[in-house]
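Geometric and topological summary
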Amino acid sequence: MSRRSDHLKRLILNLNRRLQILTERQALHGLETSPAILMEIEDIKAEIAERQAELESFVESTAAIDTTPSDNVPEPFPLTAESGSSITATSPVSIFICYKRHINPDQQLATYLDQFLTTQEHDVFIDLKLQPGQTWLEEIDRRIKASDFLIVLLSEESANSEMVQAEIRRAYEYQKWQGHPRILPVRMAYEGLLPYSIDVFLDPLQYVIWYSQADDERVGYDILAAIAGRMPQQRPIEVSSVGQKNIISEDGYPVPDEDSLHPPLPACDPRFLLEELEAPGGTVKLRDKFYVEREADAHLKRQIVKAGTITTVRASRQKGKSSLLVRGIHYARQNGAKVVSLDLQRVDMDYLESPERFLHYLAKFIVRKLWLNVAAVEKLWLDPMGPQEKLTYLLEDYILAASDTPIVLAIDEADSLLQTSFYNDFFGMVRSWNNSAAYDEQWEKLNLVLVISTEPYLLIDDASQSPFNAGLKLYLEDFNDRQVRDLNWRHGSPVRESDFAQLMSLLNGHPYLTRKALYTLVTERLTWADLTRVAAEDEGPFGDHLRRQLWLLRDEPELKTALKQVVYNKGCPDEGSLFRLLRAGLVQRNGDICTCRCDLYRIYFEDKL
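These numbers were taken from a predicted model, which means no experiment stands behind them.

Attention shifts here to the overall build of the protein chain. Helix and strand counts for the protein chain come out as 21 helices and 15 strands. Here the protein chain holds 609 residues, and the buried ones make up 55% of them. For the protein chain, long-range pairs separated by at least 24 residues make up 75% of all intrachain contacts whose partners lie at least 6 apart in sequence. If you sum the accessible surface of the protein chain, you get close to 26600 Å²; carbon and sulfur atoms cover 49% of it.

Another point: the packing of aromatic side chains. Evaluated as defined, the whole model comprises 13 aromatic pairs. Between Phe 426 and Phe 427, the ring centres sit 5.7 Å apart and the planes meet at 65°, which makes this aromatic pair edge-to-face. Like Phe 427, Phe 426 is buried. Ring-pair connections join several aromatic residues into one group, and the members of that group are Phe 358, Phe 422, Phe 426, Phe 427 and Phe 468. Arg 327 extends its terminal NZ or CZ atom over the ring of Tyr 291, reaching a point 3.8 Å from the ring centre.

With that settled, consider the state of the cysteines. By the definition in use, this model includes zero disulfides. This cysteine, Cys 594, is not joined by any disulfide, and Cys 572 carries the nearest cysteine sulfur, 6.3 Å off. On the accessibility criterion, Cys 594 (2% relative accessible area) is buried. Between Cys 598, a free cysteine, and Cys 596, which holds the nearest cysteine sulfur, the sulfur-to-sulfur gap is 7.7 Å. Cys 598 sits in the buried class, given a relative accessible area of 3%.

Turning our eyes to something else, we now look at the sheet that holds strand 11 (residues 407-412). To summarise the sheet geometry, strands pair through backbone hydrogen bonds and adopt either a parallel or an antiparallel arrangement. On the basis of which strands lie adjacent, the open sheet formed by five strands has the order 10-11-12-9-13 and parallel pairing. Of all strands in the sheet, those with a lone pairing partner are strand 10 (338-343) and strand 13 (472-475), marking the two edges. Averaged over all neighbouring strand pairs, the angle between strand axes comes to 15°, with direction disregarded. Two strands pair when backbone bridges link them, and strand 10 and strand 11 are joined in this way by six bridges, in the parallel orientation. Bridge pairing in strand 11 links Lys 338 to Ile 407. Each of strand 9 (310-314), strand 10, strand 11 and strand 12 (446-452) is contacted by helix 9 (residues 321-334), which is oriented at about 170° to strand 11, the strand it contacts most.

Look at helix 14 (residues 481-490) against helix 15 (residues 497-507): their axes get within 11 Å of each other, and the N-to-C directions meet at 125°. In terms of orientation, helix 14 and helix 15 fall into the oblique class. The two elements helix 14 and helix 15 cross, and the hand of that crossing is right-handed. Contacts from Asp 481, Val 484 and Arg 485 in helix 14 reach Glu 497, Phe 500, Leu 503 and Met 504 in helix 15.

This brings us to the confidence of the model for the protein chain. With 83% of its residues at a pLDDT of at least 70, the protein chain reaches an overall mean of 83. For the stretch residues 64-89, pLDDT sits under 50, and the model shows 51 contacts to residues farther than four places along the chain or on other chains. The model gives residues 277-283 a pLDDT under 50, and that stretch makes 18 contacts with residues more than four places away or in other chains.

By the definition in use, this model includes 33 salt bridges. Note that Lys 560 is salt-bridged to Glu 138, the shortest N-O span being 2.9 Å. Taken together, the residues span a long stretch of sequence, with Lys 560 in helix 19 (residues 557-569) and Glu 138 in helix 4 (residues 136-146) at a distance of 422 residues. Look at Glu 138 and you get partly exposed, because its relative accessible area is 29%. Asp 141 is the partner of Arg 170 in a salt bridge, and the nearest nitrogen-oxygen pair spans 2.7 Å. Of this pair, Arg 170 sits in helix 5 (residues 162-178) while Asp 141 sits in helix 4, and the two are 29 residues apart along the sequence. For Asp 141, a relative accessible area of 5% translates into the label buried. Counted as one network, the salt bridges with shared partners bring together Asp 123, Glu 139, Arg 142 and Arg 143.

With that settled, consider the nonpolar core. For soluble globular proteins, the rule of thumb is that nonpolar side chains tend to be buried together. Grouped together as the largest cluster of nonpolar side chains are 69 residues, with contacts concentrated most on Phe 542, Leu 600 and Phe 605. The contact partners of Phe 605, leaving out residues within four places of it in the chain, are Gln 549, Leu 550, Leu 553, Leu 563, Val 567 and Leu 586. If you look at the next biggest cluster of nonpolar residues, it comprises 44 residues, including Ala 363, Val 377, Ile 407 and Leu 450.

Let us now look at the packing of helix 14 against helix 16 (residues 511-523). Running from amino to carboxyl end, helix 14 crosses helix 16 at an angle of 30°, the nearest separation of the two axes being 10 Å. Regarding the angle of helix 14 to helix 16, the classification is roughly parallel. At the point where helix 14 passes helix 16, the crossing takes the right-handed sense. Only Thr 514, Arg 515 and Leu 518 of helix 16 make contact with helix 14, whose side of the interface consists of Val 484, Leu 487 and Asn 488.

Further remarks concern helix 3 (residues 106-119). In this model helix 3 runs 20 Å from its N-terminal to its C-terminal C-alpha over 14 residues, within 8% of the 20 Å that 1.5 Å per residue would give. Within helix 3, the full set of buried residues consists of Asp 106, Gln 107, Leu 109, Ala 110, Leu 113, Asp 114, Phe 116 and Leu 117. In this structure, the buried side of helix 3 is in contact with strand 1 (94-98), strand 2 (123-125), strand 3 (149-154), strand 4 (182-188), strand 5 (208-210) and helix 6 (216-227). Looking one or two places after helix 3, you find Glu 121, whose phi comes out positive at around 70°.

A separate point is helix 16. With 13 residues, helix 16 should reach 18 Å at 1.5 Å per residue; the first-to-last C-alpha distance of 18 Å fits that figure. Of all 13 residues in helix 16, eleven are buried; the element is thus mostly enclosed. Along helix 16, the positions that sit buried rather than exposed are Pro 511, Tyr 512, Leu 513, Thr 514, Arg 515, Lys 516, Ala 517, Leu 518, Tyr 519, Thr 520 and Leu 521. Turning to helix 16, the residues buried within the fold contact helix 5, helix 14, helix 15, helix 17 (528-534), helix 18 (543-551) and helix 21 (599-608). Downstream of helix 16 by a residue or two, Arg 525 has a phi angle that is positive, lying close to 55°.

This brings us to the pairing of strand 9. Within a regular beta strand, the side chains point alternately toward one face of the sheet and then the other, so they alternate between its two faces. Within strand 9, four of the five residues are buried, which leaves the element mostly enclosed by the surrounding structure. Alignment of strand 9 against strand 12, held across five bridges, turns out to be parallel. The residue of strand 12 that forms the bridge with Thr 312 is Leu 450. Inspection of the sheet shows strand 9 paired to strand 13 by four bridges, in the parallel sense. For Thr 311, the partnering residue across the bridge sits in strand 13 and is Leu 472.

A word on the side chain of Asp 127. Mapped onto the elements of the fold, Asp 127 is located in the loop between strand 2 and helix 4. Accessibility expressed as a relative area gives 11% for Asp 127, which makes it buried. One polar contact links Asp 127 to Tyr 99, side chain to side chain, over a distance of 2.6 Å. Ignoring any residue separated from it by four or fewer positions in sequence, one finds Asp 127 in contact with Tyr 99, Arg 101 and Arg 547.

Procedures and definitions
- The residue numbers shown here count from 1 along each chain, following its written sequence.
- Only residues with pLDDT of 70 or above have their local features reported here, since the model is predicted, and side-chain atom pairs are shown and tallied only from 80 upward, although totals for entire chains, interfaces and linings are computed over all residues.
- Note: side-chain values were computed over all heavy atoms of the structure, leaving out hydrogens and water.
- Helix and strand labels come from DSSP, where a helix needs a run of H or I of at least four residues and a strand needs a run of E of at least two; each type is numbered from the N terminus.
- Throughout, exposure labels follow a simple rule: accessible area from a 1.4 Å probe, protein chains only, divided by the maximum for the residue type, with under 20% read as buried, over 50% as exposed, and the rest as partly exposed.
- Residue contacts are defined here by distance: any two heavy atoms, one from each residue, within 4.5 Å place the two residues in contact.
- Reported accessibility uses the Shrake-Rupley method at a 1.4 Å probe radius. Residues are deemed covered only where the shown protein chains occlude them.
- Stacked, tilted and edge-to-face are the three classes assigned to paired rings of Phe, Tyr and Trp, where Trp is represented by its six-membered ring and a pair needs centres within 6.5 Å; plane angles under 30 degrees give stacked, over 60 edge-to-face, the rest tilted.
- Put simply, a charge is over a ring when the Lys NZ or the Arg CZ is close to the ring centre, within 6 Å, and near the line of the ring normal, within 35 degrees.
- In this description, the term disulfide denotes a pair of cysteine sulfurs within 2.5 Å.
- Being paired, for any two strands, means DSSP has found at least two bridges between them.
- Axis definition: a line fitted to C-alpha atoms, over the contacting stretch in the case of helices. Angles run 0 to 180 degrees between N-to-C directions.
- To sort the angles, those under 35 degrees are grouped as roughly parallel, those over 145 as roughly antiparallel, those from 65 to 115 as roughly perpendicular, and the leftovers as oblique.
- Crossings are classed by handedness, with left-handed meaning an anticlockwise turn of the near helix from the far one by less than a right angle and right-handed meaning a clockwise turn.
- Confidence scores per residue from the predictor, reported as pLDDT, run from 0 to 100.
- By convention in these notes, a salt bridge is any Lys or Arg side-chain nitrogen within 4 Å of a carboxyl oxygen on Asp or Glu.
- Only buried residues count toward a nonpolar core, which is a set of Ala, Val, Leu, Ile, Met, Phe, Trp, Tyr and Cys residues joined through side-chain atoms within 4.5 Å.
- One fewer than the residue count of a helix, multiplied by 1.5 Å, yields its expected span.
- Counting of polar contacts relies on pairs of N or O atoms within 3.5 Å, with two restrictions inside protein: one atom must be capable of donating a hydrogen and the other of accepting it, and residues adjacent in sequence are counted only when both atoms are side-chain atoms.

Here is the structure:
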């Protein structure tokens, strides 16, 4: 097929993904669903129908000329054919089974599918097949790259596994680059929202459902149907509401009450709160039971309600910057501001190919979040002006001019734009918006918040054009002694005073790992000695997290070398590698001294590197 056909297929897939997310939110909020969501659902349904008709027309017109599938983009599964137990693929394919190790029924089903699909003459890889002495990092990456299908088993526990999420993201990257593997989720008695960090990578209408071991064989045949291209389109998963009054946990997840204890999420999920911001009169409550407020919280709240401000929040991974942002914009909304929040890690790579595509996407995103008419964007984009001029004009003459309240534009993971060719121009444009507030009161209505993991001076060549050296700059650090003591008390003091120094030494106030440790001690009724005995093991309570950190280094020999120097010499002469390790949250620097972020990392990497 031609590039036009491939483009339409990608577009339809992305529209279906967005539709699934919106319908899940509609199911969650019920009658309180915001008009903006309902309007966007109808718009997307109409566009899907239009694009599908366009694709079918195009395929019919070219069928007699070109019947060869594209080498770059895989054909999507047909959406109407029926599957059955007799369906098999016409030729063997390579399959990677992704699951969370050492938990059942996940591992039981993974083992069954390995045997079942192997008997059908497919080349199946499961990590149990790793040979002694093999470097698992390189082998898993090689297998994902070579696979035609990645079958991911998603249970309530495995869905938030950092390693499972990392493998899904890697498969998605390879799918974009080389056209495979296709990702097929198997929902294991799990019909909740997919985790925030991976839902955009999974086709919402292509999945298999498993309820019990009695479904093993049926799931195997459903996978064969998918491989053969004959799996029927599924219905969107319906998400149950958490009640008339939603309580949002410290991680951004709905919980039934103020006191329930749930596993800490590796990353904040802002979806429920952001949807509440779009629904006037909502009843969401942000829970504070396990949220540790820092000075940055108060600073951001003061700044975000002023006129024409810009704020930069910088912190390495898993220091709580997204949680801080969510609470800051929630406060702004409570004080009458309209909020537009964009996480750049969730923007499809196709939109980052050029400034024209990205700024067009951003313009439509802003307009939709403010309940305005997208037709205004399409009309403006016909103008011969450059994309930066179009977006600036849209803000100044259409959005800000019509708004009688402040607007907060928050961009999370803003340094994701470093992978593009136009990041300098974009950040320069953002700085110019803030500068305009000094002489044009229209621009005082716009408050900007940028969240980054990278040193600001690495993000733009010309410091005078950088938005990161203007306004308020907030730098998040790990929890200090007082904050960890407070968090320990909130969990019922599972760590005794005699062990507290060891807790600080092992985890050094790492927000996620500290909460993970306290949660594990409480729910599994372990002693501190029990926990430390297995803390650095691959199958221990932090094993999934540690394996994901090692995974970051899979094809990065210079980063491995740099981390070894930090572990053994407490220094790193390679500034470029050092900054990447700092951004990833693996190391910390104090003057010329560089060390691992916590002793747990040092112990683990001493053994693995």
